[in-house]
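Results of the structural survey
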Amino acid sequence: MSEPNTNPRKRSPSPLADDALGDGQQGRQRSRAACTPCRQRKRKCDGRYPCGTCVRYEYECVFATTPTTTTTTQKRLSYAAAANGDVAPELTRSPEAVVRTTPSIIHLQKHPLTAPGARFHHRSMMDPVKTRFVRANSAIAFPRILGMDLESESIPRLHSFAWHCGIRAEVLEPVVDVTTLLSWSDLIRLAKVYFRVVNTEFGILDETDFLELSAARFGNSQGLNDVDAVLLGVVALGSFFSPNGHPREHDFVLGARDLLTQKSVNHPTTNNVTGWILRTIYLRLTSRPHGAWISSSIAMHQVEGSGLHKEVQTIAVVYPALPTGDHKVAKARRRLFWVARALNIVLSFEYGRSRVGFDVITTKRFAPDHGGFAHQFVELAELLPNDFVDREREPDPPGSLCTALTKIEDLKTDSAFIQLLKADLTFAIYRRLWLMSLTDAKDRADSVLSIGRAALEASARLLETKTSWWNLVHAPFQFLCCVLAIATPRALAHVKDAMALLHRIAQTYDTHMTREAYNQAAILVQMSRRRKEKELQALNAAPEPPPFNDETQRSSSVRGGSSVGLTDIPNFDWAMDLPFEWETFLNPELVMSSMQQAQGQALPPSLMHGGSYESQVPFVDEGLQYRASQGTCP
């Protein structure tokens, strides 16, 4: 007979909560104490914390010994806040429960989605195994929610039941073996270039983690793996910025595209989102505007599909629960979301297209990295107003643009790429102001010229190192366009430097794009010169003003006065230093009284009824008296 266990029974974590899904269970055991939800519903409880029933049905697992201090008012406020956004209500609970339980939605909401008063149609669900994120009102989510509401023993999984008839099988493209495209030494060499040039500005990858994933993939290259799109995207960008590009760079790009396209029809992953971001950057460097914009939009849809715009703790249902304590995963999710969003905003604002937006975003901003500028890239993007303005929320679009321009001007950076990006966004703002409000455009011309001048210097620095970011040539060209639009002497003084820099860029790279940019800039300058010449011709065509020969001037000439015409403008510089008596000017009676006091007698009739210059002397003002004696006073 075994000795009785004198130690109190400790509740161990539920196998379901630890994602074991019953593998560690050894038959049903009677629990000494059932949790409150199981006791109220008269269901079987395994006594664990949280118990398997609460994990399955997303109940709040609470035992009678666990003190609850949440008041009714706090509950109402919590659920009212959740109704305004997609954030599950956070309730106060014992410190023990916070320490010993996994941070799934079970411990973030008091009632599951099916509880009365908690059926918010905009709440969300996520399956972290397949990284599938949908709203609770989705067609693929409702069967599971219905099963939870029916308290079934077997809850339907998050799946696209009856989505179509299934007549045709899904088209699968051939697997791309990255080891046949490049060697390990090539990957290391090109990855170093990527992390030195590209990742410094965008910061979406950790170099150590990337090398570990690459080594594992090269060790086992069989099958289809979503990390292949990341590897090919990194080496493609590394080859682009390398002095000696890889001969199979084009194959890298096509291979990554095929992998991303194939994975797009399946459940998205963080590697899939990373691959689309890398592809967007590459297309912005090498392809047409539409290609980069559409790629950035796809990246944002992949972001939504994987739930990166939500902190995991704010998603209503996460089943099975994610592992706890992995802060690196949370940081990586935040970086991917904000960089993908910033790329889409910048490209849409620059290209004049719509951006992809979400109604509620709970993902936190990532902290700045030492030596990195990704946070400034995101900060600049978040300053830009939306082109499609809600007049009720933003009644003054020019005002919001001017506010954004002021903040962009105040941002300081040590990155030449970010400096050029500041200029690109500044010129995009000026184009909008110039089209909608000439007054605001003229008022902010000095800011445009200041930022543009700094952009010329940043572009020259990148040209010296041959770091061919897209705004190396784009910023100087757009600056020239803005200078010609401002068209003031101070602005036109920058034409010479902008044209000289564009000429150097065309000589250095000697590509169709750089030659085309320089030639078009020269044509614009020539067009501006011709217009200025036409304006000058119009001014020169005006006749010289004839002399003013009326009867009064001829009579004064007969009396010996000087003839003053429009061509001989009289010089009144001598009178500019004399004090001017406004009261005397506005009230002639003061002149008479002052003259009477000066002479001590009444004014003569000749002065009161008019007369010659000689009869109107003396004047009170000595200067005027002198001019009158010379016969030059009008």
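Each value, and the rule that gives it
For every chain, the first residue of the written sequence is number 1, and numbering continues from 1 onward in sequence order. Whole-chain, interface and lining totals are the exception, using all residues; otherwise, since this is a predicted model, local features are given only for residues with pLDDT of at least 70 and side-chain atom pairs are given and counted only at 80 or more. Excluded from the side-chain calculation are hydrogens and water; included are all heavy atoms of the structure. Note on conventions: DSSP H or I runs of at least 4 residues are helices, E runs of at least 2 residues are strands, and numbering of each starts at the N terminus. Throughout this description, buried means an accessible area under 20% of the type-specific maximum (1.4 Å probe, protein chains only), exposed means over 50%, and partly exposed covers the range between. Only heavy atoms enter the contact rule, under which two residues are in contact if any of them lie within 4.5 Å. Note that accessible areas follow from Shrake-Rupley with a 1.4 Å probe, and for residues the cover is restricted to the protein chains shown. To estimate the expected span of a helix, subtract one from its residue number and multiply by 1.5 Å. The aromatic pairing rule takes the rings of Phe, Tyr and Trp, using the six-membered ring of Trp, and pairs them if the centres are within 6.5 Å, calling planes under 30 degrees apart stacked, those over 60 edge-to-face and the rest tilted. Note on geometry: axes are lines fitted to C-alpha atoms, helical ones only across the stretch in contact, with angles between N-to-C directions running from 0 to 180 degrees. Roughly parallel means an angle under 35 degrees; roughly antiparallel, over 145; roughly perpendicular, 65 to 115; everything else is oblique. In a left-handed crossing the near helix is turned counterclockwise from the far helix by less than a right angle, and in a right-handed crossing that turn is clockwise. Residues are grouped as follows: Ala, Val, Leu, Ile, Met, Phe, Trp, Tyr, Cys and Pro are nonpolar; Asp, Glu, Lys and Arg are charged; all remaining types, including Gly, are polar. Among buried residues, the Ala, Val, Leu, Ile, Met, Phe, Trp, Tyr and Cys ones that are joined through side-chain atoms within 4.5 Å form a nonpolar core. Salt bridges are identified by distance alone: a Lys or Arg side-chain nitrogen within 4 Å of an Asp or Glu carboxyl oxygen. A cavity here means a set of 1 Å grid points, computed over protein atoms only, where a 1.4 Å probe fits but cannot escape. A pocket is an open set with protein on both sides within 12 Å along at least 5 of 7 lines, and lining residues have an atom within 4 Å of a point. Grid points are joined across faces, edges and corners, and a volume is the space filled by probe spheres set on the points. For every residue, the pLDDT score states the predictor's confidence, bounded by 0 at the bottom and 100 at the top. For this analysis, a polar contact is any N or O atom pair within 3.5 Å, provided that within protein one partner can donate a hydrogen and the other can accept it, and provided that sequence-adjacent residues contribute only side-chain to side-chain pairs.

This part covers the overall build of the chain. When you go through the chain residue by residue, the secondary structure sums to 27 helices and three strands. For the chain, buried positions account for 43% of its 634 residues. Expressed as a percentage of contacts within the chain between residues at least 6 apart in sequence, the contacts between residues at least 24 apart total 68%. A total of about 35,800 Å² of accessible surface is found on the chain, and carbon and sulfur atoms cover 54% of it.

End to end, helix α19 (residues 471-486) covers 21 Å across 16 residues, agreeing with the expected 22 Å (1.5 Å per residue, within 8%). When you tally the buried positions in α19, you get 12 out of 16 residues, the bulk of the element. Every buried residue belonging to α19 is among Asn 471, Leu 472, Ala 475, Pro 476, Phe 477, Gln 478, Phe 479, Leu 480, Cys 482, Val 483, Leu 484 and Ile 486, and all of these are buried. On the buried face of α19, the contacting elements are α16 (416-436), α18 (445-465), α20 (489-492), α21 (495-509) and α22 (512-540). Just downstream of α19 lies Ala 487, where phi reads positive at about 60°.

What follows concerns the packing of aromatic side chains. Where two aromatic rings form a pair, the distance of their centres and the angle of their planes describe that pair. For the structure shown, the criterion picks out 15 aromatic pairs. On the basis of an interplanar angle of 70° and a centroid distance of 5.0 Å, the ring pair of Phe 202 and Phe 377 is categorised as edge-to-face. Within this pair, whereas Phe 202 is found in helix α7 (residues 199-202), its partner Phe 377 is found in helix α14 (residues 374-383), the two being separated by 175 residues in sequence. Across this residue pair, the class does not change: Phe 202 and Phe 377 are buried. Between Phe 337 and Trp 338 the ring centres are 4.9 Å apart and the planes differ by 70°, which places this aromatic pair in the edge-to-face class. Looking at Phe 337, the relative accessible area reads 0%, which means it is buried.

Moving on to the packing of α19 against α21. When two helices pack together, their arrangement is given by the angle between the helix axes and by the axis-to-axis distance. The geometry of α19 relative to α21 is characterised by a closest axis approach of 10 Å and an angle of 155° between their N-to-C directions. As summarised for this structure, α19 and α21 are arranged roughly antiparallel, according to the angle between their axes. As α19 runs across α21, the sense of the crossing is left-handed. Note on element contacts: α21 touches α19 through Val 495, Ala 498, Met 499, Leu 501, Leu 502, Ile 505 and Tyr 509, opposite Leu 472, Val 473, Pro 476, Phe 477, Leu 480, Val 483 and Leu 484. Broken down by class, the residue content of the contact of α19 with α21 amounts to 14 nonpolar, no polar and no charged.

Let us look at the nonpolar core. Core analysis: the biggest nonpolar cluster contains 112 residues, and Phe 202, Ile 281 and Trp 469 have the highest contact counts within it. By residue number, the principal contributor to this core is α16, which donates 12 residues. Look past the residues within four positions of Ile 281 in its chain and what remains in contact with it is Val 198, Phe 202, Leu 237, Leu 343, Trp 469 and Trp 470.

Our focus in this paragraph is the pattern of salt bridges. Under the defined criterion, the tally for this structure stands at 14 salt bridges. Two residues, Asp 387 and Arg 432, come together in a salt bridge whose shortest N-O distance is 2.8 Å. In this pair, Asp 387 is assigned in the loop between α14 and α15 (397-410) and Arg 432 in helix α16, connecting sequence segments 45 residues apart. With a relative accessible area of 14%, Arg 432 lands in the buried category.

Our focus in this paragraph is empty space enclosed by the protein. For the structure shown, the criterion picks out four cavities of 30 Å³ or more. Counted as a void, the largest cavity has a volume near 80 Å³. Where the lining of the largest cavity is concerned, the elements lending two or more residues are α9 (227-241), α10 (249-264) and α11 (270-286). Across the lining of the largest cavity, the residue classes break down as seven nonpolar, two polar and two charged.

One non-glycine residue with positive phi stands out, namely Lys 466, at about 55°. Here the phi dihedral of Asp 510 falls at roughly 50°; this positive angle occurs in a residue that is not glycine. With respect to the secondary-structure elements, Asp 510 resides in the loop between α21 and α22. A residue is classified by how much of its surface remains accessible, and Asp 510, at 48% relative accessible area, is partly exposed.

Of all residues in the chain, 67% attain a pLDDT of 70 or more, and the chain-wide mean is 76. Ignoring residues within four places in sequence, the model shows residues 1-31, a span with pLDDT below 50, making 41 contacts including any to other chains. Across residues 66-121 the pLDDT falls below 50, and counting only partners more than four positions away or on other chains, this stretch makes 101 contacts in the model.

Bringing the side chain of Ser 400 into the picture now. If you trace the backbone, Ser 400 turns up in helix α15. The exposure class assigned to Ser 400 is buried, which follows from its relative accessible area of 15%. Within polar-contact distance, the side chain of Ser 400 engages the backbone oxygen of Pro 397 at 2.7 Å.

On to the environment of Ala 455. Secondary-structure assignment places Ala 455 in helix α18. By relative accessible area, Ala 455 is classed as buried at 2%. Ignoring any residue separated from it by four or fewer positions in sequence, one finds Ala 455 in contact with Leu 420, Ala 423 and Ala 475.

Let us look at the packing of α9 against α11. At a minimum axis separation of 8 Å, α9 and α11 run at an interaxial angle of 25°. As judged from the angle between their axes, α9 and α11 are roughly parallel. Considering only the axes of α9 and α11, their crossing is left-handed. For the pair formed by α9 and α11, the contact residues are Val 227, Val 230, Gly 233, Val 234, Ala 236, Leu 237, Phe 240 and Phe 241 on the first element and Asn 271, Thr 274, Gly 275, Leu 278, Ile 281, Tyr 282, Leu 285 and Thr 286 on the second. Its residues assigned to classes, the contact of α9 with α11 shows 11 nonpolar, five polar and no charged.

Moving on to the environment of Ser 528. Within the element layout of this structure, Ser 528 appears in helix α22. Spatially, the C-alpha atom of Ser 528 lies 8.6 Å from that of Ala 487, the residues being 41 residues apart in sequence.

Turning to the side chain of Thr 274, a few remarks are in order. For Thr 274, the location among the structural elements is in helix α11. When its relative accessible area of 3% is taken as the criterion, Thr 274 is described as buried. Beyond its immediate chain neighbours, meaning those up to four positions away, Thr 274 contacts Ile 204, Leu 205, Val 230 and Leu 336.

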